[in-house]
Amino acid sequence: MTGTLRPVLGDQLTHGLASLADLAEGDVVLMAEVGDETTYVPHHPQKIALILSAMRHFAAELRERGVTVDYVPLDDPENSHSLSGELARAVARHRPERIIATEPGEWRVWERMGDWESDLDLPVEIRDDDRFYCSRSDFAALTAGNKTGRMEYFYREMRRRSGLLMEGDGPAGGTWNFDKQNRKRLPKGLDLPHRMRFRPDAVTQEVLTLVADRFGGNFGDLDGFGWAVTRADALRALRHFISDALPCFGDYQDAMKAGEDFLFHGLISPYLNIGLLTAAEVCERAEAAWRDGQAPLNAVEGFVRQILGWREFVRGIYWTEMPGYADSNFLNAGRDLPWMYWGGETDMRCMAEVIGTTRRNAYAHHIQRLMVTGNFALLAGIAPRQIEEWYLAVYADAFDWVELPNVHGMVMHADGGRLGSKPYAASGAYIDRMSDYCGRCRYDLKQKTGPDACPFNYLYWNFLIENEDKLRDNRRMSLIYGNLAKKDPEERAAIMRSARAFLDGDDW
Ligand SMILES: Cc1cc2nc3c(=O)[nH]c(=O)nc-3n(C[C@H](O)[C@H](O)[C@H](O)COP(=O)(O)OP(=O)(O)OC[C@H]3O[C@@H](n4cnc5c(N)ncnc54)[C@H](O)[C@@H]3O)c2cc1C
Ligand code: SF4
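Cut-offs applied
- Residues numbered from 1 in each chain as written.
- Chains lettered and ligands numbered in written order.
- Predicted model: local features only at pLDDT ≥ 70, side-chain atom pairs only at ≥ 80, totals over all residues.
- Heavy atoms only, no water.
- Near = heavy atom within 4 Å.
- Polar contact = N/O pair within 3.5 Å; in protein donor to acceptor, adjacent residues only side chain to side chain.
- Areas by Shrake-Rupley, 256 points an atom, 1.4 Å probe, with all protein chains shown as cover.
- Helix = DSSP H or I, 4+ residues; strand = E, 2+ residues; numbered from the N terminus.
- Core = buried A, V, L, I, M, F, W, Y, C linked by side-chain atoms within 4.5 Å.
- Buried < 20%, exposed > 50% of the residue type's maximum accessible area, 1.4 Å probe, protein only.
- Contact = heavy atoms within 4.5 Å.
- Phe/Tyr/Trp six-rings, centres within 6.5 Å; stacked < 30°, edge-to-face > 60°.
- Lys NZ or Arg CZ within 6 Å of the ring centre and 35° of its normal.
- Pairing = 2+ DSSP bridges.
- Axes fitted to C-alpha atoms, helices over the stretch in contact; angles between N-to-C directions.
- Right-handed = clockwise from strand over helix to strand, strands pointing away.
- Nonpolar A, V, L, I, M, F, W, Y, C, P; charged D, E, K, R; others polar.
- Parallel < 35°, antiparallel > 145°, perpendicular 65-115°, else oblique.
- Left-handed = near helix turned anticlockwise from the far one by under 90°.
- Expected span 1.5 Å × (residues − 1).
- Salt bridge = Lys/Arg side-chain N within 4 Å of Asp/Glu carboxyl O.
- Arc of directions from axis to C-beta.

Draft legend 1. Spotlight on the site of ligand 1. Around ligand 1 sit 30 residues, and of these His 265, Gly 266, Leu 267, Asn 273 and Tyr 363 come closest. Taking Gly 266, its main chain carries an N or O atom lying 2.7 Å from an oxygen atom of ligand 1. If ligand 1 stood free it would expose 820 Å²; the protein chains cover 99% of that surface. Sorting the residues of the shell around ligand 1 by element identifies helix H10 (269–274), helix H12 (297–321), helix H14 (366–380) and helix H16 (400–411) as the ones contributing at least two each.

Draft legend 2. Structural context of the nonpolar core. Membership of the largest hydrophobic core comes to 161 residues, with the highest contact counts inside it found for Met 31, Leu 246, Tyr 271, Met 351, Phe 376 and Ile 387. Counting residues per element, this core draws most heavily on H12, at 11 residues. Not counting residues within four places of it along the chain, the set of residues in contact with Met 31 comprises Val 8, Leu 13, Met 55, Phe 58, Ala 59, Val 69, Asp 70, Tyr 71 and Val 72. Leu 9, Val 28, Val 34 and Leu 120 belong to the second largest nonpolar core, which has 19 residues in total.

Draft legend 3. Seen up close, the packing of aromatic side chains. Applying the stated criterion across every chain yields a total of 23 aromatic pairs. Considering the side-chain rings of Trp 110 and Trp 319, the 6.0 Å spacing of their centres and the 80° angle between planes classify their relative orientation as edge-to-face. Remark: Trp 319 occurs in helix H12 and Trp 110 occurs in helix H4 (residues 107–120); sequence separation between them is 209 residues. Overall, the relative accessible area of 27% leaves Trp 110 in the partly exposed class. According to the relative accessible area criterion, Trp 319 is buried, its value standing at 9%. A connected cluster of aromatic rings, assembled from ring pairs, spans Trp 107, Trp 110, Tyr 318 and Trp 319. Over the ring of Trp 227 we find Arg 195, and its NZ or CZ is 4.5 Å from the ring centre. Against the face of Trp 461 rests Lys 487, its NZ or CZ located 4.2 Å from the ring centre.

Draft legend 4. Fine view of the sheet that holds strand S1 (residues 4–7). If you walk across this open sheet you meet the five strands as S3-S2-S1-S4-S5, and the pairing is parallel. Sheet topology places strand S3 (68–72) and strand S5 (124–127) at the edges, where each strand pairs with a single neighbour. Averaged over all adjacent pairs, the angle separating strand axes in this sheet is 25°, with direction ignored. Here strand S2 (residues 28–32) pairs with S3 via five bridges, running parallel. The residue of S3 that forms the bridge with Val 28 is Thr 68.

Draft legend 5. Structural view of the pairing of S5. As paired strands, strand S4 (residues 98–102) and S5 are joined by four bridges and run parallel to one another. When the bridges of S5 are listed, Ala 101 appears paired with Ile 126. Taking the sense of rotation as the criterion, the β-α-β connection linking S4, H4 and S5 turns out right-handed.

Draft legend 6. Structural detail: the site of ligand 2. In the region of ligand 2, the neighbouring residues are Met 348, Arg 349, Cys 350, Gly 428, Ile 431, Tyr 437, Cys 438, Cys 441, Tyr 443, Cys 454 and Phe 456. The set of elements that each furnish at least two residues to the shell around ligand 2 consists of helix H13 (349–361) and helix H17 (428–434). Taken together, the residues that form the shell around ligand 2 break down as nine nonpolar, one polar and one charged.

Draft legend 7. Structural context of the packing of helix H18 (residues 455–466) against helix H21 (residues 489–504). Two numbers describe how H18 lies on H21: the axes approach to 8 Å, and their chain directions differ by 110°. Judged by the inter-axis angle, H18 sits roughly perpendicular to H21. Between H18 and H21 lies a crossing of left-handed hand. Of the residues in H21, those touching H18 at Pro 455, Tyr 458, Leu 459, Trp 461, Asn 462, Ile 465 and Glu 466 are Arg 492, Ile 495, Met 496, Ser 498, Ala 499, Arg 500, Phe 502 and Leu 503.

Draft legend 8. Fine view of helix H2 (residues 45–64). With 20 residues, H2 extends 29 Å between its outermost C-alpha atoms, agreeing within 8% with the 28 Å of an ideal straight helix rising 1.5 Å per residue. The element H2 is extensively covered by neighbouring structure, given that 16 of its 20 residues are classed as buried. With its phi angle positive at about 95°, Gly 66 sits one or two positions after the end of H2.

Draft legend 9. Examining the pattern of salt bridges more closely. A complete count under the given rule lists 37 salt bridges for this structure. Measuring nitrogen to oxygen at the nearest pair gives 2.8 Å for the salt bridge that ties Asp 22 to Arg 6. Taken together, the residues Asp 22 in the loop between S1 and S2 and Arg 6 in strand S1 connect sequence positions 16 residues apart. Judged by its relative accessible area of 34%, Asp 22 falls in the partly exposed class. When the shortest N-O distance is used, the salt bridge between Arg 236 and Asp 233 registers 2.1 Å.

Draft legend 10. Geometry of the side chain of Thr 358. Within the secondary structure, Thr 358 sits in helix H13. Taking the relative accessible area as the measure of exposure, Thr 358 reaches 0% and is therefore buried. Here the side chain of Thr 358 touches Val 354 through a polar contact of 2.7 Å, landing on its backbone oxygen. Of note is the side chain of Thr 358, whose polar atom sits 2.9 Å from the side chain of Tyr 395. In this structure Thr 358 touches His 44, Phe 219, Tyr 363, Ala 364, Trp 390, Val 394 and Tyr 395, once residues within four positions along its chain are discounted.

Draft legend 11. Looking closely at H21. Compared with the 22 Å implied by 1.5 Å per residue over 16 residues, the 22 Å span of H21 between its first and last C-alpha is a close match. Looking only at H21, the buried set comprises Ala 494, Ile 495, Ser 498, Ala 499, Phe 502 and Leu 503. The buried residues of H21 all sit within an arc of 155° when viewed along its axis, so they share a single face. The exposed set on the far side of H21, more than 90 degrees from its buried face, consists of Pro 489, Glu 490, Arg 497, Ala 501 and Asp 504.

Draft legend 12. Expanded view of the packing of helix H11 (residues 279–291) against H12. Across the interface, H11 lies against H12 with an axial gap of 9 Å and an inter-helix angle of 165°. Between H11 and H12, the angle is such that the two are roughly antiparallel. Like other packed secondary-structure pairs, H11 and H12 cross with a definite hand, here left-handed. Across the interface between the two elements, Ala 279, Val 282, Cys 283, Ala 286, Glu 287 and Trp 290 from H11 touch Leu 297, Val 300, Phe 303, Val 304, Ile 307, Leu 308, Arg 311 and Glu 312 from H12. Looking at the contact of H11 with H12 residue by residue, the class counts come to 11 nonpolar, no polar and three charged.

In structure tokens:
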């Protein structure tokens with residue numbers, strides 16, 4: 001062969017990928033399903049099935065375009081089960097002149113790519129992943145002066161640069177942020193959009209059988225698999241979201257309801273993260289819905305903020321802070337992750353609801369991840385690495401670059417405030433305000449301490465007491481610490497006793 005070998009990873013399933021831009025005759029695209037990637041955490045079976053099936057469909061689409069694809073399935077007896085091993089075998093098969101790849105999403109793969117040139121004795125070109133609004137180098141430059149070191153200022157700068165939701169030099173509607181309008185509780189009787197499910201075709205069926213055989217023991221159901229595995233279907237899911245859910249997305253962004261797993265959320269993060277959809281097309285279509293009068297500004301701004309703001313920001317933090325980012329443990333949290341996260345019984349209804357949707361769907365929406373399972377892990381002092389592994393394993397959209405900052409930084413505050421200026425700690429009152437979970441819970445939300453009290457209540461104050469020396473001087477925590485100071489010693493002692501009894505007991 002005289003051409004180029006172009007490896008495409010499982011989260012690079014985009015026809016416009018940088019490393020596929022100049023495909024020429026004689027080039028070979030390499031795609032490999034390797035054991036290293038399917039087992040580095042015990043992934044939810046739906047996540048593995050989604051990625052493998054989407055990879056197989058993507059390879060077929062490339063072939064239809066006349067591209068030569070060398071595809072190594074998971075059950076190929078010759079499979080070395082590592083990316084570098086498969087690349088070496090493909091080099092031996094095709095004898096290319098050079099390799100062109102797109103930068104990976106994860107640090108551990110990036111490190112391995114650094115060895116390719118010397119290991120294979122071939123020129124290796126690694127191109128920027130231009131599917132993001134902000135490149136790694138742009139983010140580093142932008143945040144270096146600390147002017148845009150916080151998400152809000154970074155987001156405003158990204159609005160200016162992209163022109164999204166701008167009117168002249170200012171934000172559409174005269175304000176950058178409609179968050180205050182976006183915290184409504186779900187009213188009774190409101191019609192909810194249905195989730196668009198995609199019937200598995202023959203390719204997906206084959207993958208489902210393979211995954212059931214090999215990964216059926218992992219946490220998570222495979223039966224309800226309904227994810228899109230092609231770009232065409234992902235676009236259908238996006239159109240469905242924009243017409244049926246986006247108009248109410250803002251109002252009920254933070255709401256939770258028992259038995260309703262999806263509410264007005266997009267369910268598009270897996271498609272964005274593996275490349276079936278791009279951030280730009282999603283944001284532009286949402287903006288067009290507002291300009292055409294199909295969705296209100298508070299909804300569209302709230303949605304665009306998640307992608308242009310949060311998604312780009314966490315990626316930037318990941319790449320500027322790695323490899324050391326995951327090692328910090330600002331609050332010295334070290335408790336083992338309780339079994340209930342992996343499907344064990346719990347009487348806490350909020351936890352049972354969120355872990356239940358996670359098991360059924362490989363999905364939970366943002367406020368469930370942040371304010372229920374995340375909040376509990378923070379308050380209970382779970383070891384960051386253990387809760388990070390859980391989040392990385394159980395969600396269909398979980399990749400290190402996006403999961404790690406969200407869990408390590410936003411949820412666990414283990415980075416000491418690099419990502420968020422204060423921990424998102426909350427008592428049961430928050431969960432009650434935003435959901436209907438508490439009504440039929442075995443615990444009593446109104447009780448503050450004792451065996452029947454809502455555990456979030458005393459764990460919240462106990463967390464503040466235990467971490468007082470680290471958090472008291474945080475300006476954004478001063479009001480809360482003012483309230484703690486008003487508690488008399490007996491109340492503090494009762495809080496700590498309840499927390500100790502719960503954390504040392506086996507009720508969870
Ligand atoms: C503890 C925790 C772990 C998370 N882990 C992941 C993860 O592994 N992968 C992942 O894609 N998202 C993660 N998120 C962010 C967010 O919860 C999911 O992106 C969202 O729930 C996906 O569902 P959706 O497509 O219905 O989102 P919607 O609510 O419809 O939001 C639209 C889009 O905004 C983006 N988005 C929203 N919030 C964030 C955020 N904080 N960080 C990055 N992107 C965001 C997503 O691409 C999402 O598809 C995590 C959040 C928390 C609190
Ligand atoms: S009472 Fe407490 S434990 Fe029960 S659902 Fe409400 S917040 Fe969760």
